[in-house]
Amino acid sequence: MFEALLAGGGQVVLPPGYLAPIFTAAAGHGALTIADEVQVGFGRLGEAFWGFQTQGADVVPDFVTMGKAMGNGFPVAAMVTTREISRAFDPAGRFFSTYGGNPVACAVGLELLNVVEEEGLQHNALVTGQYLRDRLSALAERHGLIGDVRGQGFYSGVEFVTDRRTKEPASDETLIVCERLKDRGVLVYPTGPAWNVLKLKPPLTFTRAHADEFAAALDDVLEEGW
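The sections below set out a description of the structure shown in this document. Just so we're clear, the structure is a prediction, and the values are computed from it rather than from any experiment. (Residues numbered from 1 in each chain as written. Predicted model: local features only at pLDDT ≥ 70, side-chain atom pairs only at ≥ 80, totals over all residues. Heavy atoms only, no water.)

Quick notes on the side chain of E37
Here is step 1: With respect to the element layout, E37 can be found in the loop between β3 (34-36) and β4 (63-67).
Here is step 2: Buried and without a salt bridge, E37 has R44 as its closest oppositely charged side chain, separated by 9.5 Å.
Here is step 3: A distance of 2.9 Å separates the side chain of E37 from the backbone nitrogen of F52, its partner in a polar contact.
Here is step 4: Setting aside anything within four residues of it in sequence, one finds E37 in contact with W50, G51, F52, V64, T65 and M66. (Helix = DSSP H or I, 4+ residues; strand = E, 2+ residues; numbered from the N terminus. Buried < 20%, exposed > 50% of the residue type's maximum accessible area, 1.4 Å probe, protein only. Lys, Arg positive; Asp, Glu negative; His and termini not counted. Salt bridge = Lys/Arg side-chain N within 4 Å of Asp/Glu carboxyl O. Polar contact = N/O pair within 3.5 Å; in protein donor to acceptor, adjacent residues only side chain to side chain. Contact = heavy atoms within 4.5 Å.)

Encoded structure:
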């Protein structure tokens, strides 16, 4: 079971080809694979519509789970698998969901797909996401607290450290940064094992102007000192 970008792990971008040998090993042991696309799917990573597709053609999961972004706030989720695997559940009892097949949720999901395509939101995630990281990387040249800026598309992380050499997490400072940003109308929160990475996952309609506004707010916060 995997995310194509390790979100809760600190916004860690997987190296190219990382998952392919893992899939080969799983197949050799008869293990099924599950791609968690709840956060990284629906064009958010920019390079591909589904996160697992960024790892190449050899990475084809047996299950794909999705939700949240699927309805843009409307409660809807889904699981996709093959007909063969689905039928294998039958002897033990069919898959059951109280709200499965809700026609309103289906209509919302279909309309969302139309909007993503018609407004070019996947491409926007690709180009504007990189623009945002470029702006944030420029801040790192002046603020030693920023240890790393990383991400794909509209899924980025800003890691704060007290020492760039040792990468000692600046956990307390990260919480202060979040509070100061909130006072400026910017809502972000930390993630990662040490809670020292700003998790940046804006709407797919996020613009360069929004990126400039966020970068300016973060710059002001870091200029205040401690």
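Further notes follow.
Here we look at unusual backbone geometry
Here is step 1: One non-glycine residue, K167, adopts positive backbone phi at about 60°.
Here is step 2: Within the secondary structure layout, K167 lies in the loop between β7 (155-163) and β8 (168-169).
Here is step 3: Positioned with a positive phi, W195 is a non-glycine residue whose angle comes to about 55°.
Here is step 4: Its location among the elements puts W195 in the loop between β9 (189-191) and β10 (197-200).

A short note on the pattern of salt bridges
Here is step 1: Across all of its chains, the model carries eight salt bridges by this definition.
Here is step 2: D219 serves as the salt-bridge partner of R142, at 2.8 Å between the closest nitrogen and oxygen. In this pair, R142 is assigned in the loop between α4 (121-140) and β6 (146-152) and D219 in helix α6 (residues 208-223), connecting sequence segments 77 residues apart.
Here is step 3: Residue R180 pairs with E224 through a salt bridge whose shortest N-O separation is 3.4 Å. Taken together, the positions of R180 in helix α5 (residues 171-183) and E224 in the segment after α6 put the pair 44 residues apart, joining distant regions of the chain.
Here is step 4: A cluster of three or more residues bridged by salt bridges with shared partners is formed by R142, D219 and E223.

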